[in-house]
Amino acid sequence: MRSNQVATDKVAEKLSSTLSWVKNTVSHTVSQMASQVASPSASLHTTSSSTTLSTPALSPASPSQLSPDDLELLAKLEEQNRLLETDSKSLRSVDGSRRNSGSSLVSSSSASSNLSHLEEDSWILWGRIVNEWEDVRKKKEKQVKELVRKGIPHHFRAIVWQLLCSAQSMPIKDQYSELLKMTSPCEKLIRRDIARTYPEHNFFKEKDSLGQEVLFNVMKAYSLVDREVGYCQGSAFIVGLLLMQMPEEEAFCVFVKLMQDYRLRELFKPSMAELGLCMYQFECMIQEHLPELFVHFQSQSFHTSMYASSWFLTIFLTTFPLPIATRIFDIFMSEGLEIVFRVGLALLQMNQAELMQLDMEGMLQHFQKVIPHQFDAGPDKLIQAAYQVKYNSKKMKKLEKEYTTIKTKEMEEQVEIKRLRTENRLLKQRIETLEKESASLADRLIQGQVTRAQEAEENYLIKRELASIRQQSDEASAKLERAEGTIRKLQRQQQWHKCSSNYNEDFVLQLEKELVQARLSEAESQCALKEMQDKVLDIEKRNNSFPDENNIARLQEELIAVKLREAEAIMGLKELRQQVRDLEEHWQRHLARTTGRWKDPAKKNAVNELQDELMTIRLREAETQAEIREIKQRMMEMETQNQINSNHLRRAEQEVNNLQEKVQCLSAQNKGLLTQLSEAKRKQAEIECKNKEEVMAVRLREADGIAAVAELQRHIAELEIQKEEGKLQGQLNKADSNQYIRELQDQIAELNHE
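Cut-off values and rules
- Residues numbered from 1 in each chain as written.
- Predicted model: local features only at pLDDT ≥ 70, side-chain atom pairs only at ≥ 80, totals over all residues.
- Heavy atoms only, no water.
- Helix = DSSP H or I, 4+ residues; strand = E, 2+ residues; numbered from the N terminus.
- Buried < 20%, exposed > 50% of the residue type's maximum accessible area, 1.4 Å probe, protein only.
- Contact = heavy atoms within 4.5 Å.
- Areas by Shrake-Rupley, 256 points an atom, 1.4 Å probe, with all protein chains shown as cover.
- Salt bridge = Lys/Arg side-chain N within 4 Å of Asp/Glu carboxyl O.
- Polar contact = N/O pair within 3.5 Å; in protein donor to acceptor, adjacent residues only side chain to side chain.
- Patch = residues over 30% accessible without salt bridge, like charges linked within 9 Å, V, L, I, M, F, W, Y side chains within 5 Å.
- Lys, Arg positive; Asp, Glu negative; His and termini not counted.
- Charge placed at Lys NZ, Arg CZ, Asp CG, Glu CD.
- Axes fitted to C-alpha atoms, helices over the stretch in contact; angles between N-to-C directions.
- Parallel < 35°, antiparallel > 145°, perpendicular 65-115°, else oblique.
- Left-handed = near helix turned anticlockwise from the far one by under 90°.
- Nonpolar A, V, L, I, M, F, W, Y, C, P; charged D, E, K, R; others polar.
- Phe/Tyr/Trp six-rings, centres within 6.5 Å; stacked < 30°, edge-to-face > 60°.
- Lys NZ or Arg CZ within 6 Å of the ring centre and 35° of its normal.
- Arc of directions from axis to C-beta.
- pLDDT = per-residue confidence, 0-100.

Looking at the overall build of the protein chain
- The helix and strand tally for the protein chain stands at 28 helices and zero strands.
- Buried residues in the protein chain amount to 37% of all 754 residues.
- A separation threshold of at least 6 residues defines the contact pool for the protein chain, and within that pool the share at least 24 residues apart is 81%.
- With the model as given, the accessible surface of the protein chain reaches about 45500 Å², and the carbon-plus-sulfur share is 52%.

Some words on the pattern of salt bridges
- This model, assessed by the stated rule, comprises 28 salt bridges.
- For D226, the salt bridge is made with R265, and the minimal N-O distance between the two is 2.6 Å. Here D226 is found in the loop between α12 (210–225) and α13 (235–245), whereas its partner R265 is found in helix α15 (residues 264–268), with 39 residues between them in sequence.
- Across the pair E228 and R265 runs a salt bridge, and its minimum N-O distance is 2.9 Å. Of this pair, E228 sits in the loop between α12 and α13 while R265 sits in helix α15; the two residues are 37 residues apart in sequence, bridging distant segments of the chain.
- Since its relative accessible area comes to 46%, E228 is described here as partly exposed.
- Here the residues in one salt-bridge network are D226, E228, R265, E266 and K269, joined through shared partners.

A few points about the side chain of Q162
- Relative to the helices and strands, Q162 resides in helix α9 (residues 157–164).
- A polar contact of 2.9 Å, which involves the side chain of Q162, links it to the side chain of E250.

Here's the deal with the environment of L358
- By the element assignment, L358 lies in the loop between α21 (352–356) and α22 (360–370).
- Residue L358 is classed as partly exposed on the basis of its relative accessible area of 27%.
- In this structure, L358 is in contact with H296, M363 and H366, ignoring residues within four places of it in sequence.

Some remarks on a negative patch on the surface
- Where like charges cluster on the molecular surface, the negative patch consists of E743, D746, E750 and E754.
- Tracing the backbone through its elements, the reader meets E750 in helix α28 (residues 734–753).

Looking at the packing of helix α16 (residues 273–289) against helix α18 (residues 305–314)
- Close contact between α16 and α18 brings their axes to 10 Å; oriented N to C, the two are set at 120°. In terms of orientation, α16 and α18 fall into the oblique class. Taken as a pair, α16 and α18 cross one another with a handedness that is right-handed. Judged by residue contacts, L275, C278, M279, F282 and I286 of α16 engage S305, Y307, A308, S309, W311, F312 and L313 from α18.
- The residue inventory of the contact of α16 with α18, partitioned by class, reads ten nonpolar, two polar and no charged.

Things to note about the packing of α16 against helix α17 (residues 291–299)
- One way to put it is that α16 packs onto α17 with a least axis distance of 5 Å and a crossing angle of 125°. One way to sum up the angle between α16 and α17 is to call them oblique. Of the residues in α17, those touching α16 at E283, I286, Q287, E288 and H289 are P291, F294 and Q298.
- Of the residues belonging to the contact of α16 with α17, the class tally is three nonpolar, three polar and two charged.

Examining the packing of aromatic side chains
- Following the criterion strictly, the structure yields 24 aromatic pairs and no others.
- An aromatic cluster is built from F282, F297, F302, Y307, W311, F312, F316, F320, F341, F367, F375 and Y391, whose rings are joined through pairwise contacts.
- Of note, R191 hangs over the ring of F216, and the distance from its end group to the ring centre comes to 3.7 Å.

A word on α17
- For α17, the set of buried residues is L293, F294, H296 and F297. The buried residues of α17 occupy an angular sector of 160° when the element is viewed end-on, so they sit on one face. For α17, the exposed residues set more than 90 degrees away from the buried face come down to E292, V295 and S299.
- Those residues of α17 hidden inside the fold are in contact with α16, α18, α20 (338–350), α21 and α22.

Some remarks on α18
- Taking burial as the measure, the ten residues of α18 include seven buried ones, the bulk of the element.
- Taken as a whole, α18 has its buried residues at Y307, A308, S309, W311, F312, L313 and T314.
- Next to the buried residues of α18 lie α13, α15, α16, α17, α20 and α22.
- Just downstream of α18, I315 is the residue with a positive phi angle, here 55°.

Details of the side chain of N351
- Note on placement: N351 falls in the loop between α20 and α21.
- Its relative accessible area of 1% is what places N351 among the buried residues.
- Apart from residues no more than four positions distant in its own chain, N351 is found in contact with H366, I371 and Q374.

Notes on unusual backbone geometry
- At Y198, a residue that is not glycine, the phi angle is positive and equals roughly 45°.
- If you trace the backbone, Y198 turns up in the loop between α11 (187–194) and α12.
- Residue Y198 is classed as buried on the basis of its relative accessible area of 8%.
- One non-glycine residue, M272, adopts positive backbone phi at about 55°.
- Tracing the chain through its elements places M272 in the loop between α15 and α16.

With respect to the confidence of the model for the protein chain
- Averaged over every residue, the pLDDT of the protein chain is 75; the share at 70 or more is 74%.
- Taken element by element, the protein chain is modelled with least confidence in helix α2 (residues 44–53), mean pLDDT 28, and with most confidence in α20, mean pLDDT 94.
- Note that pLDDT drops below 50 for residues 1–8; the model gives that stretch one contact with residues more than four away or on any other chain.
- Note that residues 25–66 has pLDDT below 50 and, in this model, 37 contacts with residues that lie over four places away or in other chains.

Next up, the structure:
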């Protein structure tokens, strides 16, 4: 680091001595021009000899005063400015400027200075331009542009760049040291990319070298000044080139000016909207000037940004070697991004034949490996071809408006697409909800239909059982009628056998069997009663499983009816039990009477026989009544079950109907909502169309106003230039010039008022 600093100090001392020599030479040349104007009759040879002989004190380039180091430095300067020597246009520009000054300069070559004639003229000319920059910039702007196109001498490049972008005295330069003390959020990104910036250049290739450190400082300071842009990778190459020419504070000021006044800030913004505009304009230029190549690019899907984005972001610093890129950067400092469009189109014109033969990969390789080394001999051919390209500023403005309109439409379409996607997502959610509700209703409907089918099947089985029970009841009725006929027949037989006294023991055994059968019938009746109670409990449980509040009263009525039937059955059972007890008592009395019947007379025995027959008939009657009651009980049970099943079916049908009505109601509501939604969408689309039309009308009016203001400003500038030219060239006499100046001032006032 210390050795580098010492070498830098030595170079600075040599450069300061050289610059002082340039100033002395310029002042000496000006004095010569004044002496020639004072004595125009002097001969050219006398002037030349007097110039050579009378300036030993002013010229520091004599052999006795130049050290070997100075001679070496001047030789290097000669090598750096060799391009300027061989340029005939530069000679014509120098001669023209001298003719405008009113005198002809004839300089003699000094054998001791080792400087050529053209080098001395170039140094004198650029020294004069730097010393009288404000006047030269105003009066001879075109000549300055021509000189810049020929190339700025290396040792004048730093000061000329600062003068071209007006970065000599910027207030932000005083803040630079304070900015370096602050912390930037982009420091990690800057550190990562520093090693990739000019990796083969001696000033930057070593890690943590002076070049990398000052590059980091400038990039960090700008990221703090402009937090919206922060840091962009391509900007490091521009800052690196500035640091090769000037100290870091001055490089920082020049970079700030470039970002503000040369459209670079818009290029390096995160959105890179300006880069898209440049790509659009450049693509339109290709389509206009090179239509065949444009069609070839389109057929190969070779987009402009694939090869031209780095041209605009780094001003060809990553495309060409540094000497060629620096010459292009000289013109960029003077004329802006126009040179990038010109050079880019010139490159495509010069390589059109080769590119037409290649596919996309071949074209990429051609841009990366062939084009950068096509102009190693010198950039003059490229720059000359660039200024043969037709560049129309008005058309570029028109393309900018077209691009802005296209981007505005794209943004509006993106907003519309985003809104439609949001609405689509909401509608999908609504549809999913409705589908779930519909599926739930369909499940409930299917479940209801299945339940209804099961209940219909149970009802069919119950009807079959009821039919069989009715058949049994008919059979029991027939048996009852036969029993009644038998009773009547027995009664007649009893009347007929009143006188009969035959009563044997077999009849007694028959009566005992009938008594046993009566008791069995009673047991069966009790079992049937128990079964009936169990069924009643089962019915109550099933009724509890249906929580419909509307059917509670009906179920209670059914339960009351069942309990009444149960009570009737219990009463019938009690009556049967009472009859059985009565029959047992009669039987006991009969046994008591029959114990001594063989001892009684025959007449009394006949009476006893008749009583036995009557007892038998009563027993049979009781048995028949028990059977009839049992059959009736079964019939009541089956009717109750049938009524319950009918109620279940009726309730299921009612639920199915309710569900169908709900489904229809929901479908109608869904249709109404869809209709309202479509109507709302239509109204919203109409409102948005109206709003878009109004916004576009306002923007068109604003664009027209801006164009009118720009035209007025241009007119004002032209009038001011005419005023200055009228003053300087002396085209008007004193009275006319005053009148003309007043008229111009009036016109300027009117235009400013407008």
